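Below, each chain spelled out in residue letters.
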Amino acid sequence: MHTLNIDVAVIGAGTAGLAAYRAAKARGASAVVIEGGPYGTTCARVGCMPSKLLIAAAEAAHALRHSAPFGVHMDGEVRIDGREVMDRVKRERDRFVGFVLKGVEGIPPQDRLRGYARFIDNTTLQVDEHTLVQARRVVIATGSSPLIPPPFQVFGDKLIINDDVFDWDTLPESVAVFGPGVIGLELGQALSRLGVKVRVFGRGGGVGPLSDPAVRDYASQALGREFYLDPDAKVLEMGLADGKPQIRYLNLDGEEVCERFDYVLAATGRAPNVRGLALENAGLELDAAGVPKFDPRTLQCGNSPVFIAGDANNILPLLHEAADEGKTAGDNAALYPAVGPGLRRSSIAVVFSDPQMMMVGSRYADLPAGEFAVGEVSFEDQGRSRVMGVNQGLLHVYADRISGRFLGAEMIGPRAENLAHLLAWSHQQGLTIAQMLEMPFYHPVIEEGLRTALRDAAAKLAQD
């Protein structure tokens with residue numbers, strides 16, 4: 001067996017792992033990146049990019065069907081060619097993956113090690129049966145995988161995850177989606193708009209990442225007008241009938257329904273990829289899920305020379321967070337034991353449903369009751385939104401009652417992805433509601449709705 005001596009060993013060649021490798025190298029450390037699966041980040045292969053390609057096709061179909069309110073009529077049916085839809089999704093997906101692969105290929109061959117790593121001790125790794133890596137520090141950046149509850153195994157090979165969707169050659173006729181989180185809502189709505197019969201089932205009432213009850217309820221009603229969505233479904237029985245998934249459930253009116261589907265999509269969350277790493281040999285303290293306990297500022301696992309970054313640590317499984325964390329882990333691995341906190345930007349999350357959802361800064365559920373004011377705006381009568389025929393939505397902004405500082409926001413509504421950036425920048429600068437209202441607003445734009453919410457927050461602060 002070959003033995004490799006190295007300063008920093010990075011396990012995983014996704015967004016966090018590649019960032020960690022580059023950061024360690026920039027600090028002058030020798031480093032190797034170890035990967036046993038396919039190169040190409042989750043975002044490029046099965047996440048952000050292919051899902052947005054499917055959503056773009058769905059939006060094109062939706063726009064054609066809903067032009068009549070503007071006096072623009074399309075005579076005849078909208079024809080959706082499922083093979084053409086999926087051909088573009090896969091072709092463009094492969095193009096994005098290609099960009100990532102070029103980046104990996106730019107890494108010197110001696111710094112790339114193919115195979116699956118497992119710990120022998122906290123700085124010794126065995127890669128398959130061919131290489132023993134004697135590292136001084138280790139970065140775990142193994143990403144995450146879809147989490148499938150055992151009861152869903154009853155569907156056999158008709159049970160799919162989001163990864164499988166992007167390998168379809170054409171669109172199916174029907175799909176049952178379990179999990180109205182980000183993945184379930186984005187794919188469920190897109191498939192519905194592309195002519196697939198979709199049923200989305202949830203448990204506990206959650207809709208996307210939203211925690212504000214009023215915004216969450218608005219989202220449930222708005223999306224439910226377009227496709228079947230039950231955030232707290234009463235599923236009575238699941239199984240296969242004549243080779244097809246069959247689900248018996250109570251619908252929103254309390255009536256018993258039994259339907260068959262081509263596929264069941266499990267969008268029930270993701271779990272860190274830590275199984276198989278033999279972490280029990282690393283001498284690390286693990287949490288209940290088997291993930292090493294770590295400092296979220298430095299990403300160091302206890303006092304050890306091991307760091308964990310990206311989806312593997314399950315803090316915020318988002319690409320931009322993985323990139324930042326990878327750099328932090330790589331820097332600290334190179335500088336160990338002189339570790340320090342890395343960059344933590346204001347949190348920002350977007351769901352590319354229609355209407356879109358967003359969350360910025362502190363969530364409603366995490367704010368102490370009675371210590372913040374809520375500014376609100378409905379987009380149903382907001383000028384530019386009505387002009388464009390996208391006047392659905394509700395925005396809540398949260399402000400500290402004592403300082404007036406902007407704390408966070410939750411929203412469903414038009415162009416939420418753009419408003420999220422404005423609000424995240426304001427949050428990161430620590431602006432107050434009054435300071436935000438001093439900023440320029442053009443007319444007529446959707447951002448005027450944000451100004452209305454800020455004014456509402458300012459009025460409530462003035463009453464305190």
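Right above here is the structure, for reference.
Residues numbered from 1 in each chain as written. Predicted model: local features only at pLDDT ≥ 70, side-chain atom pairs only at ≥ 80, totals over all residues. Heavy atoms only, no water.

K.L.:
I'm lost on the sheet that holds strand β10 (residues 197–201) in this one. Help?
P.N.:
Within a sheet, adjacent strands bond to each other through the backbone by hydrogen bonds, running parallel or antiparallel. Spatially, 5 strands are ordered β8-β15-β9-β10-β11 in an open sheet, and the strand pairing comes out parallel. Only two strands of the sheet have a single neighbouring strand rather than two, namely β8 (159–160) and β11 (228–230). Note that strand β9 (residues 174–178) and strand β15 (residues 263–266) share 4 bridges and pair parallel. The partner of Ala176 across the bridge, within β15, is Val264. (Pairing = 2+ DSSP bridges. Helix = DSSP H or I, 4+ residues; strand = E, 2+ residues; numbered from the N terminus.)

K.L.:
Help me understand the side chain of Asp212 in this model?
P.N.:
Among the secondary structure elements, Asp212 is positioned in the loop between β10 and α7 (213–224). No salt bridge is formed by the buried Asp212. Its closest oppositely charged neighbour is Arg216, at 7.5 Å. Within the local environment of Asp212, its side chain forms a polar contact with the side chain of His396, the two groups lying 2.8 Å apart. (Buried < 20%, exposed > 50% of the residue type's maximum accessible area, 1.4 Å probe, protein only. Lys, Arg positive; Asp, Glu negative; His and termini not counted. Salt bridge = Lys/Arg side-chain N within 4 Å of Asp/Glu carboxyl O. Polar contact = N/O pair within 3.5 Å; in protein donor to acceptor, adjacent residues only side chain to side chain.)

K.L.:
Would you mind going over the nonpolar core with me for this structure?
P.N.:
The nonpolar side chains of a soluble globular protein tend to be buried with one another. Counting 39 residues, the largest nonpolar core has Leu54, Val165, Leu191 and Met357 as the members making the most contacts within it. For this core, the secondary structure elements donating two or more residues are α3 (48–65), α4 (82–105), β9, α6 (182–193), β10, α7 and β19 (356–361). Apart from residues no more than four positions distant in its own chain, Leu54 is found in contact with Val85, Met86, Val89, Val165, Leu187, Ala190, Leu191 and Leu194. Judged by nonpolar contacts, the second largest core, of 27 residues, contains Val360, Phe379, Val397 and Ile446. (Core = buried A, V, L, I, M, F, W, Y, C linked by side-chain atoms within 4.5 Å. Contact = heavy atoms within 4.5 Å.)

K.L.:
Honestly, the sheet that holds strand β12 (residues 234–241) in this entry has me stumped. Any pointers?
P.N.:
One open sheet accounts for 3 strands, arranged β12-β13-β14; its pairing is antiparallel. The open sheet has two edge strands, β12 and β14 (256–260), and neither has a second partner. Looking at each pair of strands side by side, their axes are set apart by 15 degrees on average, direction ignored. Bridge count for β12 against strand β13 (residues 244–250) is 7 bridges, and the pairing is antiparallel. Following the sheet pairing, Glu237 is matched in β13 by Arg248. (Axes fitted to C-alpha atoms, helices over the stretch in contact; angles between N-to-C directions.)

K.L.:
I tried to follow the packing of aromatic side chains on my own but got confused; where do I start?
P.N.:
Here the distance between the centres and the angle between the planes together describe a pair of aromatic rings. In this structure the tally under the stated criterion is 12 aromatic pairs. Plain terms: the ring middles of Phe307 and Tyr336 are 6.3 Å apart, the flat faces sit at 80 degrees to each other, and that makes the pair edge-to-face. Of the two residues, Phe307 sits in strand β17 (residues 306–308) while Tyr336 sits in the loop between α8 (319–335) and β18 (348–351), which places them 29 residues apart along the sequence. Looking at Phe307, the relative accessible area reads 0%, which means it is buried. Ring geometry for Tyr364 against Phe372: centres 5.7 Å apart, planes inclined by 85 degrees, an arrangement best described as edge-to-face. Under the relative-accessibility criterion, Tyr364 is labelled partly exposed at 29%. Put simply, the rings of Phe152, Phe155, Phe178, Phe201, Tyr228 and Tyr249 touch in pairs and so form one group of aromatic residues. (Phe/Tyr/Trp six-rings, centres within 6.5 Å; stacked < 30°, edge-to-face > 60°.)

K.L.:
Is there a simple way to think about helix α1 (residues 15–26) in this case?
P.N.:
Along an α-helix, a turn takes 3.6 residues, which lines up residues three or four apart on a common side. Between its first and last C-alpha, α1 extends 17 Å over 12 residues, near the 16 Å set by a 1.5 Å rise per residue. Buried within α1 we find Ala16, Gly17, Leu18, Ala19, Ala20, Tyr21, Ala23 and Ala24. Along its buried surface, α1 packs onto β1 (2–11), β2 (31–35), α4, β6 (131–140) and α8. (Expected span 1.5 Å × (residues − 1).)

K.L.:
Got a minute to help me understand the environment of Val339 in this structure?
P.N.:
Take Val339: it is sitting in the loop between α8 and β18. Looking at Val339, the relative accessible area reads 25%, which means it is partly exposed. In this structure, the C-alpha to C-alpha distance between Val339 and His320, residues 19 residues apart in sequence, is 22 Å. Once residues lying within four places of it in the same chain are set aside, the contact partners of Val339 are Thr298, Gln300, Phe307 and Asn332.

K.L.:
Where do I start with the pairing of β10 in this structure?
P.N.:
Every other side chain in a regular strand lies on the same face of the sheet, so the side chains alternate between the two faces. Most of β10 is tucked away: 4 of the 5 residues are buried. Two elements, β9 and β10, share 5 bridges in a ladder whose sense is parallel. Bridged to Ala176 within β10 is Arg199. After leaving β9, the chain enters α6 and then returns to the sheet as β10, a path that is right-handed. As paired elements, β10 and β11 share 3 bridges and run parallel to each other. Paired with Arg199 across the strands is Tyr228, a residue of β11. (Right-handed = clockwise from strand over helix to strand, strands pointing away.)

K.L.:
Is there a simple way to think about the pattern of salt bridges in this case?
P.N.:
Side chains carrying opposite charge are able to pair once their charged atoms draw close together. With the rule as written, the count across this model stands at 30 salt bridges. The closest approach of N and O atoms between Arg199 and Glu259, which form a salt bridge, is 3.0 Å. Of this pair, Arg199 sits in strand β10 while Glu259 sits in strand β14, and the two are 60 residues apart along the sequence. The pair Arg199 / Glu259 is uniform in exposure class, with both members buried. Three or more residues joined by partner-sharing salt bridges are found here, namely Arg27, Lys327 and Asp331.

K.L.:
Help me understand the pairing of strand β21 (residues 394–400) in this model?
P.N.:
β21 sits mainly inside the fold: 6 of its 7 residues count as buried. Where strand β20 (residues 372–378) and β21 come together, 7 bridges link them in antiparallel fashion. When the sheet's bridge partners are listed, Ala373 is paired in β21 with Ala399. Bridge count between β21 and strand β22 (residues 406–413): 6 bridges; the pairing is antiparallel. Paired with Tyr398 across the two strands is Gly408, which belongs to β22. Counting the residues in the hairpin turn of β21 and β22 gives 5 residues, including Gly404, whose phi is positive at 80 degrees.

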